[in-house]
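Given next are the chains, with one letter for each unit.
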Amino acid sequence: MQQAIDEAGNIWNVDAQGNPVSYVGNANQQQGGMQIKPADPSRQYAGPQAQADLQARQIGNQVDAAAAPYAGTKAAADAQAAQIAAALAQMKLNQARDAEAKKGGPNTASSALLNVINQIDNIAADAADNGGWGETGFTGARLRGWEGTAAYDIAQKLKTVDANLAFAELQKMRDNSPTGGALGQVTEKELDLLRSTVANLDPNQSQPEFLAALKRARDSYTGMLTRVDPETATRLQQQAEKQQRDPLTGYVGSEGNYYGPDGPVEGGPPPVSGGNPAASQRDTAMGGLDAVGRNFANAGTLGLADKFAAGANALLPIDNLFGANNRSVWDGSTFGQAYDANMGLQEQTNSADRQVNPVASFTGDVGGSITGMFGANALLKGLGAGGLVARTGGAAGDVAYGTARGGVEGGRDGALWGGTAALGGNIAGRYVLAPLATKVAGTRAGQAATQTVGRAGNAVANAGRGLFGRSPVPYRAAPVPAALSGGEKAAVARVPDDVTQQLSQAEAMGLPMALADTSPQLQTLGGSVVRKSPEAYALARDTLGNRALGQADRAQEQIARNFGPIDNPNEISARLLEKARIDSKPYYDAFRAQPARTSPELEALLATPAGREALTKARTIAANEGRDPNSMGFDLDQQGQVVLRQDPSPDTLNFVKRGLDDVVGEYKNPVTGRLDLDQQGGSVEGLRKNFVAEVDRLYPDTYPQARAAFAGPASEREALQTGRDMATANPRDIAPRMQGMTPGQQEQFKLGQRAAMADTVDKVRYSSNPYQNIYGSPVAQQRAATVFGEEPAAAMKQAYDVEQTMGRTAYDTLGGSPTAMRAAADEAFDSPMGTAIDVGFAAATGGGGVSELGRKGANWLKDTYRLGASKKKADQLAPLLFNTNPAETKALIEALTKKSAARDVYVKRARKTGGIFGSSVGSAAAIPFIQ
């Protein structure tokens with residue numbers, strides 16, 4: 001017979017004309033032993049209503065049949081009577097339904113509870129497929145706000161779970177039955193707990209946690225249904241057990257009976273063939289290797305490897321060729337059924353591995369996590385966050401991976417724990433594991449182990465190369481970069497950035513600069529070093545003391561290096577005088593060979609007061625030089641004044657000229673060397689010039705030439721002496737004096753300046769700082785710039801600054817009280833004996849007791865270790881700080897810098913490796929607590 005369904009959801013058997021004949025059931029309930037969906041409470045009387053509708057239609061049909069043969073009033077009356085009867089039946093039904101709804105009862109509460117249970121089952125079914133990927137946990141949370149996704153559908157279904165109606169019906173039953181009725185002694189707290197099981201459902205939890213929460217909610221409502229309607233609850237439990245089992249393999253019901261695909265099976269389930277692996281089956285060498293690979297793949301892909309394997313085997317069960325028992329679409333299963341069954345197999349295999357292959361599983365997990373973290377860092381770089389990766393040394397990617405994996409496994413809380421575990425592991429790996437590993441690797445045994453592993457790895461690589469026809473690569477040992485000693489670290493940490501430049505300049509200037517001179521921090525460190533070790537103090541005393549003694553010699557070297565050679569000025573003066581005589585001798589000989597000549601002009605000049613004074617000086621000069629003044633025509637008159645008794649010879653005239661030079665010289669400024677001529681001085685200078693001009697006129701072919709040949713070297717000799725005399729003159733007086741000099745005279749003036757500076761250095765060689773005496777004032781530095789030029793003066797200033805720095809280093813290092821050094825040395829050597837005496841005295845007198853003896857002994861050990869460590873570092877530092885050969889120091893610093901750089905690279909790599917290893921261990925260790 002055909003069936004039809006009306007607007008109320010009622011199912012009817014109908015005849016050929018479509019008229020309802022009998023009531024079958026309601027479409028809101030599934031028949032035939034399948035899961036019962038909860039009925040709408042407003043439709044709980046659908047059956048009685050349907051019967052009333054059927055009676056009404058049957059009465060209507062009877063009325064129509066009766067009216068067919070008859071016409072008129074009877075037919076109308078019968079029809080009206082039938083309608084009245086149907087209306088009365090409908091009225092009674094409505095009254096019964098309204099009374100039952102007002103009272104509330106088991107049927108109403110049962111339907112409401114079934115409705116909630118059905119909604120929970122629907123949500124569980126959606127969340128159970130695909131391993132929860134894209135529905136629950138981390139991935140579900142990311143997709144929850146996107147319409148049309150499975151994650152969004154689950155969230156909307158959770159909103160429609162209507163538990164309030166069930167609570168209302170249960171409350172009605174409780175209120176209408178003071179003794180509790182079918183509910184028993186149910187308290188308000190129990191009802192609140194029942195309500196909270198639905199209210200607290202969170203799909204952002206991991207899939208296992210969310211499904212467990214759904215099961216707790218379903219069990220709570222099923223338990224309440226058992227109190228309200230035990231029969232329905234029992235039937236519901238049986239149907240749920242069947243649905244929770246695979247219908248293709250069968251299941252065991254709660255009553256203990258086995259159910260196959262077609263119903264109950266006598267004799268229980270068939271014998272197991274294949275199936276999920278037992279723990280003992282995985283407890284083999286191959287099982288361990290497989291556990292490493294499985295966990296490596298899963299960790300490296302955030303759990304996608306198991307899902308991929310389950311899906312791939314659902315389409316083509318390749319793994320079954322190796323003893324697995326995967327389901328597939330080829331054995332009659334749907335893809336979803338096969339996928340879910342295969343995921344269960346994967347999970348059980350993982351569980352068995354964790355039981356019997358924990359080390360292999362964890363090792364694979366760590367290895368896969370490392371791969372995943374490398375991938376995470378590469379992804380961050382690809383997204384433009386390479387700077388973040390570099391600044392954190394890869395920790396950013398490590399934490400990102402740990403967060404993502406924790407989120408996949410345990411939702412929001414899992415992400416938090418996964419990221420925290422990865423970060424904590426990274427820190428521990430960087431700053432605990434890596435330093436320990438580098439320290440061990442630096443030992444002889446550690447290096448031997450490193451080389452052994454390296455050789456083994458190279459051998460494996462060469463074997464692989466051979467498979468592809470490639471030539472083997474010889475093993476190249478890569479020794480672990482040695483760590484700097486404590487002293488080397490202390491020195492390198494304080495080396496200034498321009499240390500190489502400073503040492504190079506000192507080397508070029510010939511100055512014995514030490515490393516301790518290059519920065520104030522190193523100067524202070526030098527002072528600490530000599531106070532910690534007597535040997536360091538002795539080394540500093542020898543090197544810096546000898547350097548200080550050579551400061552005067554270095555000052556004269558810098559004068560010569562920057563300003564010019566320091567020749568003996570007396571010898572130079574004598575040589576210049578001798579040169580003047582030699583150069584002028586031929587001309588003077590020719591001049592002297594000329595006959596005596598005079599003129600009225602010449603006689604008039606000599607008759608002047610200045611002329612007579614010149615005659616007196618000329619007679620004295622001649623006498624001083626061993627000549628006979630009388631034979632030369634000089635004589636004294638009655639007044640005792642010098643006069644000429646005859647015409648003056650050329651030789652006599654030359655002596656008179658020299659006398660005039662001395663008269664004019666009395667007007668010369670002793671500072672500037674220039675003539676300060678008043679009117680008298682001006683007249684004398686004029687007389688001298690007129691005299692020379694007249695003699696040049698009388699002897700034009702000899703005297704001018706002789707005088708010029710002598711004047712050149714003589715003027716230079718005079719400039720030499722002037723330079724020495726103006727060694728402390730103000731620069732403003734020197735500049736105009738040098739402007740009137742010839743180049744030769746200027747060179748002799750500079751020589752006089754250099755000689756004067758060298759003489760000053762010799763005077764203070766053992767009493768004070770020579771540099772300070774010759775170059776310590778701005779006036780001295782400006783004077784040098786005026787005489788020698790700006791560039792030489794700046795070079796001398798640079799040498800002066802370096803010498804000042806070296807002097808401070810010596811003072812800071814050796815200038816302290818030697819008492820402190822002796823006290824430190826005494827403490828270092830006398831502490832053990834002093835402590836032994838204290839301990840022995842306390843023991844002999846009974847004082848202090850065991851605790852006091854222990855304290856004294858502990859203090860002795862502490863002090864001995866502290867002083868010993870400090871002395872060791874001081875002894876390491878002293879040769880570095882106090883080497884006064886800048887070339888050697890520069891080479892040593894360069895070597896230490898390279899050594900430190902290589903070590904830094906090694907340590908950074910070790911820290912990065914330790915960090916990612918620690919992160920992977922932390923992430924892997926956190927997974928069991930997250931799942």
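An account of the accompanying structure is given in this report. Numbering of residues starts from 1 in every chain and runs along the sequence as written. Where local features are concerned, this predicted model is filtered to residues with pLDDT of at least 70; where side-chain atom pairs are given and counted, the filter is 80 or more; whole-chain, interface and lining totals use all residues. Each side-chain value is worked out from all heavy atoms of the structure, with water and hydrogens disregarded.

Some details on the overall build of the chain
So, step 1. Only runs of H or I of at least four residues qualify as helices and only runs of E of at least two qualify as strands under DSSP, and these elements are numbered from the N terminus. When its secondary structure is counted, the chain shows 36 helices and eight strands.
So, step 2. When accessible area is computed with a 1.4 Å probe and restricted to protein chains, residues below 20% of their type maximum are described as buried, those above 50% as exposed, and intermediate ones as partly exposed. A buried classification covers 39% of the 931 residues belonging to the chain.
So, step 3. Of all intrachain contacts in the chain linking residues separated by at least 6 positions in sequence, the fraction that spans at least 24 positions is 69%.
So, step 4. All accessible-area figures derive from a Shrake-Rupley calculation using a 1.4 Å probe, and residue coverage is judged against the displayed protein chains alone. Total accessible area on the chain stands at roughly 49600 Å², and carbon and sulfur atoms take up 56% of it. Any two residues whose heavy atoms approach within 4.5 Å at even a single point are treated as in contact.

Some points on the side chain of Lys 657
So, step 1. In this structure, Lys 657 sits in helix α26 (residues 650–665).
So, step 2. If sequence neighbours within four positions are ignored, Lys 657 has contacts with Arg 688, Phe 691, Val 692, Tyr 703 and Arg 707.

A word on the environment of Asp 283
So, step 1. Checked against the element boundaries, Asp 283 lands in the loop between α10 (279–282) and α11 (285–300).
So, step 2. In this structure the C-alpha to C-alpha distance between Asp 283 and Val 356, which are 73 residues apart in sequence, comes to 5.7 Å.
So, step 3. Ignoring anything within four residues of it in the chain, the contact list for Asp 283 reads Val 356 and Asn 357.

Thoughts on the packing of aromatic side chains
So, step 1. Aromatic pairs are defined between Phe, Tyr and Trp rings, using the six-membered ring for Trp, whenever the two ring centres lie within 6.5 Å; interplanar angles under 30 degrees are classed as stacked, those over 60 as edge-to-face, and all others as tilted. Applying the stated criterion across every chain yields a total of six aromatic pairs.
So, step 2. With a centroid separation of 4.9 Å and an interplanar angle of 85 degrees, the aromatic rings of Phe 591 and Tyr 699 are classed as edge-to-face. With Phe 591 in helix α23 (residues 569–592) and Tyr 699 in the loop between α27 (679–698) and α28 (703–725), this residue pair connects regions lying 108 residues apart in the sequence.
So, step 3. The rings of Phe 563, Tyr 775, Phe 788 and Tyr 800 are connected pair by pair, giving a single aromatic cluster.
So, step 4. Consider the ring centre and the ring normal. A charge sits over the ring if Lys NZ or Arg CZ is within 6 Å of that centre and within 35 degrees of that normal. One cation-aromatic arrangement involves Arg 142 over Phe 138; the distance from NZ or CZ to the ring centre is 4.7 Å.

Quick word on helix α8 (residues 207–228)
So, step 1. A helix is expected to span 1.5 Å multiplied by its residue count minus one. Relative to the 32 Å expected for 22 residues at 1.5 Å per residue, α8 spans 31 Å between its end C-alpha atoms, a close match to the ideal helical length.
So, step 2. Along α8, the positions that sit buried rather than exposed are Gln 207, Phe 210, Ala 213, Leu 214, Ala 217, Arg 218, Tyr 221, Thr 222, Met 224, Leu 225 and Val 228.

Some words on a nonpolar patch on the surface
So, step 1. A cluster of nonpolar side chains, Leu 315, Leu 316, Ile 318, Leu 321, Phe 322, Val 329, Trp 330 and Phe 335, forms an exposed patch at the surface whose accessible area comes to about 930 Å².
So, step 2. Looking at where Ile 318 falls in the secondary structure, it is placed in the loop between α12 (304–315) and α13 (335–356).
So, step 3. Residue class for Ile 318 comes out partly exposed when judged on its relative accessible area of 40%. Only residues whose relative accessible area exceeds 30% and that form no salt bridge enter a patch; like-charged residues are grouped when within 9 Å of one another, and nonpolar side chains (Val, Leu, Ile, Met, Phe, Trp, Tyr) when within 5 Å. Salt bridge, as used here, is a side-chain nitrogen of Lys or Arg placed within 4 Å of a carboxyl oxygen of Asp or Glu.

Observations regarding the environment of Ala 878
So, step 1. Turning to its location among the elements, Ala 878 is positioned in helix α35 (residues 849–881).
So, step 2. Note on Ala 878: relative accessible area 3%, which makes it buried.
So, step 3. For the pair Ala 878 and Glu 535, spaced 343 residues apart in the sequence, the C-alpha separation amounts to 8.6 Å.
So, step 4. Among all residues touching Ala 878, those that are not within four sequence positions of it are Val 529, Ala 536 and Leu 539.

Some thoughts on unusual backbone geometry
So, step 1. A positive phi angle is found at Leu 302, which is not glycine, with a value near 55 degrees.
So, step 2. Assignment of secondary structure puts Leu 302 in the loop between α11 and α12.
So, step 3. According to the relative accessible area criterion, Leu 302 is partly exposed, its value standing at 23%.

Brief notes about the pattern of salt bridges
So, step 1. In this structure the tally under the stated criterion is 34 salt bridges.
So, step 2. A salt bridge links Asp 353 to Arg 282; the shortest N-O distance between them is 2.8 Å. Here Asp 353, found in helix α13, pairs with Arg 282, found in helix α10; they are 71 residues apart in sequence, far enough to count as distant.
So, step 3. Asp 353 sits in the buried class, given a relative accessible area of 0%.
So, step 4. Where Arg 627 meets Asp 651, a salt bridge forms, and the shortest distance between an N and an O atom there is 2.3 Å. Of this pair, Arg 627 sits in the loop between α25 (609–624) and β7 (634–636) while Asp 651 is found in helix α26, placing the two residues 24 residues apart along the sequence.
So, step 5. Each of the salt bridges in this network shares a partner with another, and the network as a whole consists of Arg 282, Asp 290, Arg 294, Asp 306 and Asp 353.

Honestly, it's all geometry; don't read function into it.
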